Amino acid sequence: MTTTVVRARGLTKRYGSFTAIDGIDLSLEEGRIYGLLGRNGAGKTTVMQLLTGQIFANGGELEVFGRQPAEHADVLRRMCFIAEAQRYPEDFTPAHVFRAAPWFFEHWDAEFAERLIADFRLPVKRRIKKLSRGQLSAVGVIVGLASRAPLTFFDEPYLGLDAVARHIFYDRLLEDYAAHPRTVVLSTHLIDEVANLLEHVILIDQGRILLDRDAEEVRGSATTVAGARAAVEQFVAGRPVIGREGIGGLASVTVDGRLDHDERVRAAELGLELAPVSLQQLIVHLTGAELAESTEKEVAA
Amino acid sequence: MTATASATDSARARATDAPSRVRPNEILRIVRLHTVNPAIFFGVPWMILGGAWAVTMIIALIIQGAAGPLDQAETGFEYSWAVLSPQWYLIVVGVQAVSYTFPFALGFGATRRDYWLGTGLMFAIVSVLNAAAIATLLLIERATNGWGIGAGMFDALWYVGADWATAFYSTFALQLLVLFIGAGITTVFMRWRMKGMMTVLFGGVALILAIIAVLTFTEAWEALGAWLASIGVVGVFTLVLAKALLWAVAGLLVIRRATPR
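Residues numbered from 1 in each chain as written. Chains lettered and ligands numbered in written order. Predicted model: local features only at pLDDT ≥ 70, side-chain atom pairs only at ≥ 80, totals over all residues.

### Focus on the nonpolar core
Here's step 1: Judged by nonpolar contacts, the single largest core of 146 residues is most densely connected at A:Ile142, B:Ala105 and B:Phe180.
Here's step 2: No other element matches helix H8 (residues 164–217) of chain B, which puts 16 residues into this core.
Here's step 3: Each of domain 1 (4–218) and domain 2 (221–300) of chain A accounts for three or more of the residues forming this core.
Here's step 4: Those residues in contact with B:Ala105 that lie beyond four places of it in its chain are B:Ile30, B:Leu33, B:Ala110 and B:Tyr115. (Core = buried A, V, L, I, M, F, W, Y, C linked by C-beta atoms within 7 Å. Buried ≥ 20, exposed ≤ 12 C-beta atoms within 10 Å, placed from the backbone. Helix = DSSP H or I, 4+ residues; strand = E, 2+ residues; numbered from the N terminus. Domains from an automatic or database assignment. Contact = placed C-beta atoms within 7 Å.)

In structure tokens:
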């Protein structure tokens, strides 16, 4: 039995003449890990701010745990959302944050938080203002994990985290999620990093939802066909092409949709190579090529 | 263990799901949030007051060292504003309470209403404590004849001749007003951003100018002065307290739709 925890219809948010969220429909089920993916400025944070009642929609309907979230204590107490650019009280340290957390999150696990602090090597006595980007992300990740809120949002949790810390987050989230199932929404533009975590993918671009599908389905949903140009073009004729690259007589074309057995045999006969498309590649195809560059740059940095 | 934990959880969930307008725990946790780092509300203001006290002491010692007539100096200290020094900082405290702590509390799942009620309660507690301390220090200063060296910091301005209760009441009202002005202005910013804040600030200036104009053209300054004298220190600070409460109520109305950046 699954319960829908979030239900949105025609949800719209405008800032002056700019439409940040353009009438989206959305539903989140209990006990799943959602990836809210999209480029910078796509509207990921705005969606999370709407769902947590931090900002008010200009139109549409929104129900979280069966009610409007804003100003409803019984809805808000079941959610945890530490924004990527979260503001903290003046001169707060991580220690202050973790001391206050149990008053707001009834399922707060202080021991778990302590373990995570050690894992991430977070200096809890240092003022938040003085923390590095990665340490700041760690504060949000620790609050999100240890709060065990039935609906937990992670806003760009990987920002600035080193490889070890990313791995710790990945492990701890899966471990704790298995022991304490809940609904997790993870927003990021570093898609490859989280691809294996996600059970469901919501791709958002320019305030609209481009893709809202089971992650397994998405992973197998596109194929890259590579080989001699003429053979490739012959094979993909009539199929929905979502990406095309080529050098000289060679071509590599990405097509949407699964290939069945007969089609695979035919491709082999034509001497074509078939390769599955990663989540990131697919999303780059869907939202434009610039994403790949920006992602690579961030990972390198 | 897990079973009992989830049983109490659901019981608790049922208890809090019951429709209730008063949620003491939700409001008190905001007060606790404000006291997690006591430097904000207590540390810095009292450091400022302590600094002002030290400066006053040094001035008194310099006057004494120069063998100046001490009784005249004591009269001079009555014009010292040192006792008000922490009030300016409390404006900042009020601003920060909304600009930093409010977005944080929202992220932690507090409602705007509970946040404002808790913050108002915190303001009241801080004002009571500070007012009691300052009124008591005033009496100590008098009893020790100016800290033993004829210095005067607390026995100044309207505190001259005031008893403990009057000193307490006036300080309480003033602190509350200062805190709520800082927080109130910032809620306007949180809701309508710069445009709203400018409207309120210019509106406030226009209102003050209008009052000055009316008083000047109707030649009512003397009458106003006489009226203020007739209501006395307590009366004037009752007006201050009323203003603080006005800001408190306005802040609640504004913050209900305020959004952090």
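### Description of the sheet that holds strand E1 (residues 4–15) of chain A
Residues and elements named next belong to chain A.
Here's step 1: With antiparallel pairing, the three strands of this open sheet are ordered in space as E2-E1-E4. Of all the strands in the sheet, just strand E2 (18–29) and strand E4 (59–64) have a single pairing partner and so form its edges. Each neighbouring strand pair of the sheet contributes to a mean axis angle of 15°, computed without reference to strand direction.
Here's step 2: Pairing analysis gives five bridges linking E1 to E4, with the strands arranged antiparallel. (Pairing = 2+ DSSP bridges. Axes fitted to C-alpha atoms, helices over the stretch in contact; angles between N-to-C directions.)

### Regarding the confidence of the model for chain A
Residues and elements named next belong to chain A.
Here's step 1: Of all residues in chain A, 95% have pLDDT values of 70 or greater, and the mean over the chain is 90.
Here's step 2: No element of chain A has a lower mean pLDDT than helix H12 (residues 290–300), at 44, and none a higher one than helix H4 (residues 110–120), at 97.
Here's step 3: In the model, residues 290–301 has pLDDT below 50 throughout and makes ten contacts with residues more than four positions away in sequence or in other chains. (pLDDT = per-residue confidence, 0-100.)

### Some words on the interface of chain A and chain B
Here's step 1: On the side of chain B, 30 residues touch chain A, which itself brings 26 residues to the contact.
Here's step 2: Among the elements of the structure, helix H2 (73–76), strand E5 (79–82) and helix H3 (94–104) of chain A are those that each provide at least two residues to the side of chain A that touches chain B.
Here's step 3: Here the side of chain A that touches chain B takes five residues from H3(A), the largest share from any one element.
Here's step 4: For the side of chain A that touches chain B, the per-class residue count stands at 15 nonpolar, three polar and eight charged. (Nonpolar A, V, L, I, M, F, W, Y, C, P; charged D, E, K, R; others polar.)

### Considerations on helix H5 (residues 133–147) of chain A
All names here are of chain A.
Here's step 1: Across its 15 residues, H5 extends 21 Å between first and last C-alpha, which sits within 8% of the 21 Å expected from 1.5 Å per residue.
Here's step 2: Along H5, twelve of the 15 residues are buried, which leaves the element largely enclosed by surrounding structure.
Here's step 3: Among the structural elements, E5, H3, H4, strand E6 (151–155) and helix H6 (163–179) are those in contact with the buried residues of H5.
Here's step 4: Positive phi shows up at Arg148, right after H5, with a value of about 50°. (Expected span 1.5 Å × (residues − 1).)

### Side note on the UniProt feature "transmembrane region" (unreviewed entry) in chain B
Residue and element names in this part refer to chain B.
Here's step 1: Per the UniProt record, "transmembrane region" (unreviewed entry) is found at residues 39–67, 87–108, 115–140, 167–190, 197–218 and 224–255.
Here's step 2: End-to-end, the C-alpha atoms of residues 115–140 are 37 Å apart, and along that stretch the chain is 100% helix and 0% strand.
Here's step 3: Between the end C-alpha atoms of residues 167–190 there is a gap of 35 Å, over a span that is 100% helix and 0% strand. (UniProt positions renumbered as here; feature names shortened; annotations may be inferred.)

### Concerning the UniProt feature "domain: ABC transporter" (unreviewed entry) in chain A
Here's step 1: UniProt annotation of "domain: ABC transporter" (unreviewed entry) refers to residues 6–231 of chain A when read in the numbering used here.
Here's step 2: Helix and strand shares over residues 6–231 of chain A are 35% and 30% respectively, and the end C-alpha atoms of the span are 47 Å apart.

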